[in-house]
Amino acid sequence: MLVTGTLPSVMVDFDKISDPNAEYTMRDLSAETMGIDNTRGGTRDAEITDVQTTMVDGNYPWILVRVYTDAGLVGNGECYWGGGDTAIIERMKPFLVGENPLDIDRLYEHMIQKMSGEGSISGKVISAISGVEIALHDVAGKLVDLPAYQLLGGKYRDSARVYCDLHTEDEANPQACAEEADRVVSDLGYDAIKFDLDVPSGHEKDRANRHLRPGEIEHKAEIVEATTEAVGDRADVAFDCHWSYATGSAKRLAKRLEEYDVWWLEDVVPPENHDAQREVTQSTATPVATGENVYRTHGNRDLIENEAIDIIAPDIPRVGGMREGRKIAAMADMYYIPVAMHNVSSPIGTMASAQLAVAIPNSLAVEYHSYELGWWEDLVEEDGLIEDGRMEIPEEPGLGLELDLDVVEENMVEGETLFDEA
């Protein structure tokens, strides 16, 4: 068995465990089952030899993924942060080894179907698949000598607009937020920023009931007023509520903020009930966004078709990967809905989102959540990734980034193992 960088606490040989789905499913989409055996020529006849993961202790625990090939080329990807993905990827590795990494769409569907009995509708299974899918785009681009955006259909722009998620030591203080907004816009060159609104106001009575009292709403309005006035027309300003409030409270908050120049109000109600989301969105002139907790094209369909959002905000290392993000953007575009990609990733996941952003017509911006982490850019060999609020898209093959394994090793979570070099 090939040993990966990250292993479960008890080593399991997933080649040996039973696969009940294989006994009855008609949806095994492996090359062997599908009868795919034509010679393609040159490096296009590559096969996957291994899949490995390593978790890095950034401002989030980033899960990096590597897909290895017999052509000597390696693809880098990233899952959404947290636990569970590494074991799921180890589970899926037998489905991938021996496959041609250029068949990205088929391999995505192959993983979905092979994992259908283990939860490939949403959650950590989809996050794990997303990380592999991004790595496949990277290695496929290297095999055919094309950047990832070209694999997605070409580009609408040379660079992706980036919005910076801001924090202060006193996030509940409107003046502190205003000062940080002005500093980041003036000194760092961003023309798009975001603040959290689900911060303590001193008026709360019950953390569990999702109700906003009048004083809480006024406190949030003070933050919005202070930050939007601080930057004026130099920057767009969005506000995140982290799925915190009841439908009625959300409607009152959104209504109260209509007098301000709010780019969007994000995740104002919990993500499970799309009818409640639609009610909030259609009750206000304040633009409303959501999407980071919704999985795959199917999960986003109701939000888009029922016009339950003004802006869709998928997270690419979580929603299903780059091609799934492309499909969501195409569906949203049919309803004239723009896309603002949620992102809390390392440079790998961020670049994957940016590559997609330049390949779709309805991209607003890609989130950047690590402006206070001094070594974020050091994780890769390239530099100058974000300048003046833009992420220039490399013309090098794949994602156009290579991991600096020394920096990866220096910043791994405790007990982690570094994955192999190419």
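Just so you know, these numbers come straight off a predicted model, no measurement behind them. (Residues numbered from 1 in each chain as written. Predicted model: local features only at pLDDT ≥ 70, side-chain atom pairs only at ≥ 80, totals over all residues. Heavy atoms only, no water.)

S.K.: Summarise the pairing of strand β3 (residues 74-79); cite the residues concerned and give the values.
M.R.: For β3, the tally of buried residues reaches six of six residues, placing the bulk of the element in the interior. Neither face of β3 is exposed, since Val-74, Asn-76 and Glu-78 on one face and Gly-75, Gly-77 and Cys-79 on the opposite face are all buried. If you look at the hairpin formed by strand β2 (residues 61-69) and β3, you'll find four residues sitting between the two strands, and Gly-72 has a positive phi there, around 80 degrees. (Buried < 20%, exposed > 50% of the residue type's maximum accessible area, 1.4 Å probe, protein only. Helix = DSSP H or I, 4+ residues; strand = E, 2+ residues; numbered from the N terminus. Pairing = 2+ DSSP bridges.)

S.K.: Let's hear about the packing of aromatic side chains: which residues, and what values?
M.R.: The final tally for this structure, using the stated rule, is seven aromatic pairs. Relative to Trp-81, the ring of Tyr-60 lies with its centre 5.2 Å away and its plane at 45 degrees, an arrangement referred to as tilted. Here Trp-81 lies in the loop between β3 and α2 (85-96) and Tyr-60 lies in the loop between β1 (48-57) and β2, a separation of 21 residues in the sequence. Residue classification places Trp-81 among the partly exposed residues on the basis of a relative accessible area of 31%. Put simply, the rings of Tyr-60, Tyr-80 and Trp-81 touch in pairs and so form one group of aromatic residues. Here the basic side chain of Arg-66 rests over the ring of Phe-419, its NZ or CZ set 5.1 Å away from the ring centre. (Phe/Tyr/Trp six-rings, centres within 6.5 Å; stacked < 30°, edge-to-face > 60°. Lys NZ or Arg CZ within 6 Å of the ring centre and 35° of its normal.)

S.K.: Explain helix α10 (residues 296-305) to me, and be specific about the residues and the numbers.
M.R.: Because each turn of an α-helix spans 3.6 residues, side chains separated by three or four positions end up pointing in the same direction. Taken residue by residue, α10 has Arg-296, Thr-297, Asn-300, Leu-303 and Ile-304 as its buried positions. Along the axis of α10, the buried residues cluster in a sector spanning 115 degrees; they form a single face. (Arc of directions from axis to C-beta.)

S.K.: I'd love a proper account of unusual backbone geometry, names of residues and values included.
M.R.: A positive phi angle, close to 65 degrees, is found at Arg-210, a residue other than glycine. Of note, Arg-210 is situated in the loop between β5 (192-196) and α7 (214-231). Arg-210 gets classed as partly exposed once you look at its relative accessible area, which sits at 43%. Although it is not a glycine, Glu-307 adopts a positive phi angle of roughly 50 degrees. Looking at the secondary structure, you find Glu-307 in the loop between α10 and β9 (311-312). With relative accessibility at 46%, the residue Glu-307 sits in the partly exposed group.

S.K.: Kindly report on the pairing of strand β4 (residues 159-165), identifying the contributing residues and their values.
M.R.: Counting buried residues in β4 gives seven out of seven residues, a clear majority hidden from the surface. Here β4 pairs with strand β13 (residues 390-392) via three bridges, running antiparallel. Its bridge partner being in β13, Ala-160 is matched across the sheet by Met-391. Where β4 and strand β11 (residues 363-368) come together, three bridges link them in parallel fashion. Bridge pairing in β11 places Cys-164 opposite Tyr-368. By the bridge criterion, two bridges tie β4 to β5 in an arrangement that is parallel. Bridge pairing in β5 places Cys-164 opposite Ile-193.

S.K.: Just give me the short version of the environment of Met-111, but keep the residues and values in it.
M.R.: In this structure, Met-111 sits in helix α3 (residues 104-114). Overall, Met-111 belongs to the buried group, its relative accessible area being 0%. For the pair Met-111 and Glu-204, spaced 93 residues apart in sequence, the C-alpha separation works out to 45 Å. Among residues more than four places away in sequence, those in contact with Met-111 are Met-92, Leu-96, Ile-129 and Val-132. (Contact = heavy atoms within 4.5 Å.)

S.K.: Go over the pattern of salt bridges, please, and point to the residues and values.
M.R.: Considering all chains together, one arrives at 28 salt bridges under this definition. Among the salt bridges present, the one from Asp-105 reaches Arg-323, with a minimum N-O distance of 3.4 Å. Of this pair, Asp-105 sits in helix α3 while Arg-323 is found in helix α12 (residues 322-334), placing the two residues 218 residues apart along the sequence. Relative accessible area serves as the criterion here: at 31%, Asp-105 is assigned to the partly exposed category. Accessibility expressed as a relative area gives 29% for Arg-323, which makes it partly exposed. Between Arg-161 and Asp-236 there is a salt bridge, with the nearest N and O atoms lying 2.9 Å from each other. Here the residue Arg-161 occupies a position in strand β4, and Asp-236 occupies one in strand β6 (residues 236-240), the gap between them amounting to 75 residues. Given a relative accessible area of 26%, Asp-236 falls into the partly exposed group. Salt bridges here are not isolated pairs; linked through shared partners, they connect Asp-165, Lys-194, Asp-240, Glu-266 and Glu-367. (Salt bridge = Lys/Arg side-chain N within 4 Å of Asp/Glu carboxyl O.)

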